[in-house]
Amino acid sequence: MKKTFLKITAALAGIMATFALSSCSDSDNGMMGMSFQRTITFENVVTPKDFVQSGSFQGTGTPPVIMPGQSVSFKFSAGKTQALMFATMYGASKDWFFASQQPGIKLFDSNGNAITGDVSSSVLLWDNGTKDNMTGQPESKPIMQVPNVNASQLMKLTLTYNDATSEFTLTITNTSGGTTNETPFSPGVWAVSNYNGTQLLNSTPFFTPNALSNPEITDIAQMGNIDKMKVKLIANTGIMTGLSPALVVVYRGDKNPIYEFGKTDTGMGLKEIAQFGNVTKLQNSLKSLPNVKGVYVAGSAPVPPGSKVMTNFNADPGDKIAYATMFGFSNDWFYANEQSIEANVKGDLTSKTSLFDSGTGVDQYPGAGNHQALFGGTPQSEIMPVSKVGTQYPVPAVQNVIKVTVN
């Protein structure tokens, strides 16, 4: 009887041990199964345009021509390497027009200093080649410089510059009065070519010398009519940008560890992302926080239009994610999630993304500011709370610049 009891007890002990081992194994697998991995992708979807800024100018009379002795001025922004192109009709001709030399008036010298004062030597007088200069009959010849006429004696160009805003003012004065080439100037157009970090997107704006003309410049040269060119410029003008490598953080709690809306920068590294696209300082700072479970970086170089970067991240239920990437053609802007995001989310997060001003550098026109990293500059320091970028500049909507997805 005793032997039988011992055998039963041993058997039960074995069953219980097996059950305990089995339960422990199932529990471990369950814990392991609760962890998950996701892939987050940041895509630059902005459509590059030839010009970052453009506009028109005209006289104050009726018709709005610029007569000898009269002047007209307009403002525009530009950074190092950019140039200003403009065009206006030489009114006393069949098809001549004034335009700055390609790719436009040089605005900065080789040392990166703004060029100011008299820049009249930059203007040239062109024959559009679409009308005979004597009879006015139609012809089809390439655009050529008008010989034996010094355009700078007929038109004076003067530049002034505001370093804080990186904004120029160009004054055009009709100085043709009393010369053998006295003429009114028609209303005109101007543009600043976009720069992508290596080159201008349009190095021959408006027309190509020694080639046949186009309908837009022909209307200016023959009639002083800028309507077609204005339509074309509007369609081809817009702010573009690159993105920086994106920082992604997995964390616990209710407070986004990357930034706090309405509060000034804490010095942990957001400034370095927003001004220069450098994630290293913030990456290291976040790793030391007790509520941060992981820090990841998508990409290792600027992300131009049409490109994307991605990274995997690991998380557990209850974790949250936050991310940030620089609006590259700004002084101190960054994209980040405005709303709290659960780490187990999947799908398109673009609607949860907003464009923020870090408040650490004085703003200039995006893609046309000499203190921007794009042009090798350093923003002028300011101390302002983190805020959403407003409507001072015609910045494309978030969904037209960046797409954020998790799979």
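Calculation rules
- Residues numbered from 1 in each chain as written.
- Predicted model: local features only at pLDDT ≥ 70, side-chain atom pairs only at ≥ 80, totals over all residues.
- Heavy atoms only, no water.
- Helix = DSSP H or I, 4+ residues; strand = E, 2+ residues; numbered from the N terminus.
- Rg over C-alpha atoms; globule rule 2.2 N^0.38 Å.
- Buried < 20%, exposed > 50% of the residue type's maximum accessible area, 1.4 Å probe, protein only.
- Contact = heavy atoms within 4.5 Å.
- Areas by Shrake-Rupley, 256 points an atom, 1.4 Å probe, with all protein chains shown as cover.
- Lys, Arg positive; Asp, Glu negative; His and termini not counted.
- Charge placed at Lys NZ, Arg CZ, Asp CG, Glu CD.
- Phe/Tyr/Trp six-rings, centres within 6.5 Å; stacked < 30°, edge-to-face > 60°.
- Lys NZ or Arg CZ within 6 Å of the ring centre and 35° of its normal.
- pLDDT = per-residue confidence, 0-100.
- Salt bridge = Lys/Arg side-chain N within 4 Å of Asp/Glu carboxyl O.
- Polar contact = N/O pair within 3.5 Å; in protein donor to acceptor, adjacent residues only side chain to side chain.
- Pairing = 2+ DSSP bridges.

Chemist: Requested: an account of the overall build of the protein, with residues and values cited.
Modeler: Broken down by element type, the protein carries 5 helices and 22 strands. On C-alpha atoms alone, the protein measures out to a radius of gyration of 31 Å, which is more than a quarter above the 22 Å that the 2.2 N^0.38 rule sets for 407 residues. In terms of overall dimensions, the protein has C-alpha extents of about 135 × 45 × 35 Å along its principal axes. In the protein, buried positions account for 47% of the 407 residues. Relative to all contacts within the protein whose residues are 6 or more apart in sequence, the contacts with residues 24 or more apart total 73%. Total accessible area computed for the protein in this model is approximately 18900 Å², and 54% of it derives from carbon and sulfur atoms. A gap of 12 Å separates the mean positions of the 28 positive and 29 negative side-chain charges of the protein.

Chemist: Which residues make up the packing of aromatic side chains, and what values do they have?
Modeler: Taken as a whole and judged by the stated rule, the model has 26 aromatic pairs. Pairwise contacts between aromatic rings join Phe57, Phe74, Phe76, Phe86, Phe108, Tyr161, Phe168 and Trp190 into one cluster. Over the ring of phenylalanine 108 we find lysine 80; its NZ or CZ atom is 5.8 Å from the centre of that ring.

Chemist: Could you give me a rundown of the confidence of the model for the protein, with the residues and numbers involved?
Modeler: Atomic detail in the predicted coordinates should be set aside for any region of low pLDDT. Summarising the model, the protein shows a mean pLDDT of 92, and 92% of its residues fall at 70 or more. This model gives residues 1-32 a pLDDT under 50, and the stretch forms 0 contacts once residues within four places in sequence are excluded.

Chemist: Please set out the pattern of salt bridges residue by residue, giving values where relevant.
Modeler: Scanning the entire structure with this criterion turns up 11 salt bridges. Ionic pairing is found between aspartate 219 and lysine 228, a salt bridge with its closest N-O pair at 3.7 Å. Judged by relative accessible area, aspartate 219 falls into the buried class, the value being 11%. We note a salt bridge from aspartate 319 to arginine 252, for which the minimum N-O separation is 2.5 Å. With aspartate 319 in the loop between β15 (308-315) and β16 (320-326) and arginine 252 in the loop between β13 (246-251) and α4 (270-276), this residue pair connects regions lying 67 residues apart in the sequence. For aspartate 319, a relative accessible area of 1% gives the class buried. Salt bridges here are not isolated pairs; linked through shared partners, they connect Arg252, Lys293, Asp316 and Asp319.

Chemist: I'd like a rundown of the side chain of aspartate 357, residues and numbers included.
Modeler: Among the secondary structure elements, aspartate 357 is positioned in strand β20 (residues 353-357). One polar contact links the side chain of aspartate 357 to the main-chain amide nitrogen of glycine 359, over a distance of 2.8 Å. With residues up to four places along the chain from it excluded, the contact list for aspartate 357 reads Asp332, Trp333, Phe334, Asp363, Glu382, Pro385, Val386, Ser387 and Val389.

Chemist: Provide a residue-level description of the pairing of strand β10 (residues 155-162), including the pertinent values.
Modeler: Summarising the sheet, strand β7 (residues 117-118) and β10 pair through 2 bridges and their orientation is antiparallel. Each bridged residue has a counterpart across the sheet, and for glycine 117 the counterpart in β10 is leucine 159. Direction of pairing for β10 relative to strand β11 (residues 167-174): antiparallel, over a ladder of 8 bridges. Looking at the pairing, leucine 157 lines up with isoleucine 172 of β11.

Chemist: Report on the environment of asparagine 113, specifying residues and quantitative values.
Modeler: Positionally, asparagine 113 belongs in the loop between β6 (105-106) and β7. Between the C-alpha atom of asparagine 113 and that of proline 184, which follows or precedes it by 71 residues, the distance is 33 Å. Sequence-distant contacts of asparagine 113, that is, excluding residues within four places in its chain, are made with Leu107 and Phe108.

Chemist: Would you mind going over unusual backbone geometry in detail, with residue names and values included?
Modeler: Of note, the bond from threonine 62 into proline 63 is cis; its omega dihedral lies within 30 degrees of zero at 0 degrees. Mapped onto the elements of the fold, proline 63 is located in the loop between β2 (51-57) and β3 (71-77). Omega for the peptide link from glutamine 102 to proline 103 comes to 0 degrees, which places this bond in the cis form. For proline 103, the position within the fold is in the loop between β5 (96-100) and β6. For phenylalanine 206, which is not a glycine, the phi torsion comes out positive at approximately 75 degrees. With respect to the helices and strands, phenylalanine 206 occurs in the loop between β12 (185-193) and α2 (215-223). Assessed through its relative accessible area of 8%, phenylalanine 206 is described here as buried. Residue asparagine 210 is not a glycine yet carries a positive backbone phi of 65 degrees. Taking relative accessible area as the criterion, asparagine 210 reaches 57% and is therefore assigned exposed.

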